[in-house]
Amino acid sequence: MAYSNSFGEATRRTVLKATAGALGVAAVSGTAAASDGEYDPYQPETIGKSSDNVSNAGYHSMGAIGSESTAGRPENPHYGGITEVRVHGDYAFVGLFSSRDETDGRGVAIVDISDYNRAETEADLDQAEMTVLSFFGNQNPGTAIMDVKVSADGNYLFLGTQPITALFGELTTSTDSDADSTSGTNTGGVVAVDVTDKGNPTIAGTFDAFTTGIHNLFHHRIGGNDYVFACKDIEYAGDAGMYVFEFHRDTGLLELVNRWTVPEEPNTDAAPFPFFYCHDVEVQDDPKTGTPTAYLSYWDAGLQVLDVSDPTSITRIGRFEMRQAHFATPAPDLVDGKRVCIASHEEPSGDYDDGMEEKSNPKSTGTVFLVDADGIYEDPSVTTDLPLLDDWTWQNATTIEGVDDIEFTDFALSPHNSTVEKHVDPRSGAVEFYVHQAHYHGGLRYLNIDTGDWSLVETGWSRPQYDVPEASMMEGLNATTPNIWGPM
């Protein structure tokens, strides 16, 4: 957890939760590359440190049910990978990518964070502890929990699951006692979980029929009904795209009501590029019109902005052209009267044979874009091309003398997920917007949206590191420390 002294007293009482960096660094702990005096993109001298205006406030390893001090120390880790975190009120919901011995069978951790929400002083923060209340079990040992979203009332979780064999590197057999079993059905989908009782989560419904599963999803209420927008990412027999389900709370039914794909045809030559890959989605009631609006990251098809006010009849209203559109999120409110969003690359390691190795900028660690989305509803009958306001890159070899390239290792240097947060100074009423940017091995970066010249300015960072057992490292994706997945 981290907070920045420069953000004002309101933000000092708003504790940031960052998967892997604070709630579960045990999943991705490892050793960083050593420096031999030459340029090293890993910047090992900053690992385990933070900028002067950021302090790490707490840590829970997800080792067991209980508090930080009794169940969450680094020497008592979760064995396996940790993915998404979402927060609702006094609770954080943490997805577990994999769950090996000695912590088999886990799918989601439910964490009480009320101590941090109620902290008024730094002394309060020093005494605050997170407490794991329960674990919801993985319903299929052959799948990974890739994404977690929570309903607006905090009573339901929606999980995206994918077969482990369709993913990265924790490819195991059911006879391997030290790793995840893949004896479950080789499909994935959407799981709805009732978390009304945070200490006893129960399954509410499933839709489990996708060959390579659901990579990311989002829940949003539209017209008084619950909808789940789910990304079936990898093309397999023409089934990629964004699937829309209506969730019926009375029966637990996840009813498929629509599927949307980009109108353009993907390149299916031997070296498929551009690579159309439906990756992630967030939905917001638009701050100007109130219209439910989806921001869909579609890899080389770029960012797609959709009017989803009628989930059964979706209209594309905006597009931002980019490659490797991995994640996008709108600002929670108008920024100086303007509708803006953040979109970012993910830079793969280059060892793929499906077109993803063609990076947008192979000499950089990936870019975060500040996008002007103001025109999306000016004429809903057309698709508006969205202009770029600014971009930010953590490290770029083209700007460093004597450096020819940056070496990628299993996504280690990429930006990953982000949030845009509105900070109001309680004394002056001044409003500022910050991008809280997870950056894998780059840690957690704070970017201010400067409306004077519409720029992204880094104002703080944290690269927390905790000493965990080597056996708890995440296999397949990345074993660097830190490896921040997402802030919330």
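What counts, and where the lines are drawn
Residues numbered from 1 in each chain as written. Predicted model: local features only at pLDDT ≥ 70, side-chain atom pairs only at ≥ 80, totals over all residues. Heavy atoms only, no water. Helix = DSSP H or I, 4+ residues; strand = E, 2+ residues; numbered from the N terminus. Buried < 20%, exposed > 50% of the residue type's maximum accessible area, 1.4 Å probe, protein only. pLDDT = per-residue confidence, 0-100. Contact = heavy atoms within 4.5 Å. Pairing = 2+ DSSP bridges. Axes fitted to C-alpha atoms, helices over the stretch in contact; angles between N-to-C directions. Core = buried A, V, L, I, M, F, W, Y, C linked by side-chain atoms within 4.5 Å. Phe/Tyr/Trp six-rings, centres within 6.5 Å; stacked < 30°, edge-to-face > 60°. Lys NZ or Arg CZ within 6 Å of the ring centre and 35° of its normal. Lys, Arg positive; Asp, Glu negative; His and termini not counted. Salt bridge = Lys/Arg side-chain N within 4 Å of Asp/Glu carboxyl O. Polar contact = N/O pair within 3.5 Å; in protein donor to acceptor, adjacent residues only side chain to side chain. Disulfide = S-S within 2.5 Å.

Some points on the overall build of the protein chain
The number of helices and strands found in the protein chain is four helices and 30 strands. Across the 488 residues of the protein chain, 60% fall into the buried class.

Some words on unusual backbone geometry
Cis geometry is adopted by the peptide bond preceding Glu102, which originates at Asp101 and carries an omega value of 20 degrees. Relative to the helices and strands, Glu102 is located in the loop between strand S6 (91–96) and strand S7 (106–112). The phi torsion at Met62 lies on the positive side, around 65 degrees, for a residue other than glycine. A relative accessible area of 0% means that Met62 is categorised as buried. Not every positive phi belongs to a glycine, and Trp299 is a case in point at roughly 50 degrees.

Points about the confidence of the model for the protein chain
Here the protein chain shows a mean pLDDT of 85. Residues at 70 or above account for 82%. In the model, residues 169–182 has pLDDT below 50 throughout and makes 36 contacts with residues more than four positions away in sequence or in other chains.

A word on the sheet that holds strand S10 (residues 156–163)
The strands that make up a sheet pair up through hydrogen bonds in the backbone, lying either parallel or antiparallel. Taken in spatial order, the four strands line up as S9-S10-S11-S12 in an open sheet, and their pairing is antiparallel. Strand pairing shows two members of the sheet lacking a second neighbour, strand S9 (143–150) and strand S12 (202–210), which therefore form its edges. Neighbour to neighbour, the strand axes of the sheet diverge by 20 degrees on average, direction disregarded. In the sheet, S10 pairs with strand S11 (residues 188–194) via five bridges, with the strands oriented antiparallel. Of the residues in S11, the one forming a bridge with Phe158 is Ala192.

Notes on the sheet that holds strand S13 (residues 216–222)
Read from one edge to the other, the open sheet built from four strands follows the order S13-S14-S15-S16, with strand pairing classed as antiparallel. The strands lining the two open edges of the sheet, one partner per strand, are S13 and strand S16 (254–260). Averaged over all pairs of adjacent strands, the angle between their axes in this sheet comes to 25 degrees, without regard to strand direction. With seven bridges joining them, S13 and strand S14 (residues 225–232) adopt antiparallel strand pairing. The residue of S14 that forms the bridge with Ile222 is Asn225.

A short note on the nonpolar core
Ranked by size, the top nonpolar core spans 22 residues in total, and within it Val335, Ile342, Leu370, Val420, Val435, Ile449 and Leu456 carry the most contacts. Among residues more than four places away in sequence, those in contact with Val420 are Thr329, Pro330, Ala331, Pro332, Ile342, Phe433, Tyr434, Val435 and Ile449. Within the second largest apolar cluster, 20 residues are counted, among which are Phe229, Val244, Val283 and Ala301.

Re the packing of aromatic side chains
The description of an aromatic ring pair rests on the distance of the ring centres and on the angle between the ring planes. Scanning all chains against the criterion turns up ten aromatic pairs. Ring geometry for Tyr59 versus Tyr466: centroids 3.9 Å apart, planes at 20 degrees, classification stacked. Residue Tyr59 is found in the loop between strand S3 (54–56) and strand S4 (66–67), and its partner Tyr466 is found in the loop between strand S29 (455–462) and strand S30 (486–487); the two are separated by 407 residues along the sequence. Classification of Tyr59 by relative accessible area gives buried; the value is 3%. Seen from their ring centres, Phe158 and Phe247 are 5.2 Å apart, and the 85 degrees between their planes marks the pair as edge-to-face. Of this pair, Phe158 sits in strand S10 while Phe247 is found in strand S15 (residues 241–247), placing the two residues 89 residues apart along the sequence. Exposure class is identical for Phe158 and Phe247. Each is buried. Through a chain of ring-to-ring contacts, three or more aromatic side chains come together here, namely Phe207, Phe210, Tyr243 and Phe245. A cation sits over an aromatic face here: Lys198 above Tyr91, 5.0 Å from the ring centre.

A closer look at the pairing of S9
Along S9, eight of the eight residues are buried, which leaves the element largely enclosed by surrounding structure. The pairing of S9 with S10 spans seven bridges and is antiparallel. Following the sheet pairing, Ile145 is matched in S10 by Thr161. Counting the residues that bridge the hairpin from S9 to S10 gives five residues, and of these Gly154 lies at a positive phi of roughly 75 degrees.

Remarks on the side chain of Glu84
Its place among the elements puts Glu84 in strand S5 (residues 82–88). Of the side chains bearing the opposite charge, Lys149 lies closest to the buried Glu84, which forms no salt bridge; the N-O distance is 4.0 Å. There is a polar contact of 3.2 Å between the side chain of Glu84 and the side chain of Asn417.

Details of the pattern of salt bridges
The tally for this structure, following the rule as stated, stands at 14 salt bridges. With a closest N to O distance of 2.6 Å, Lys149 and Asp147 form a salt bridge. Just as Lys149 is buried, Asp147 falls in that class too. One network of salt bridges, in which partners are shared, links Asp153, Arg221, Asp226 and Arg249.

Focus on the state of the cysteines
Counted under the stated rule, the structure contains zero disulfides. Unpaired in terms of disulfides, Cys231 finds its nearest cysteine sulfur in Cys278, a separation of 3.7 Å. For Cys231, a relative accessible area of 0% gives the class buried.

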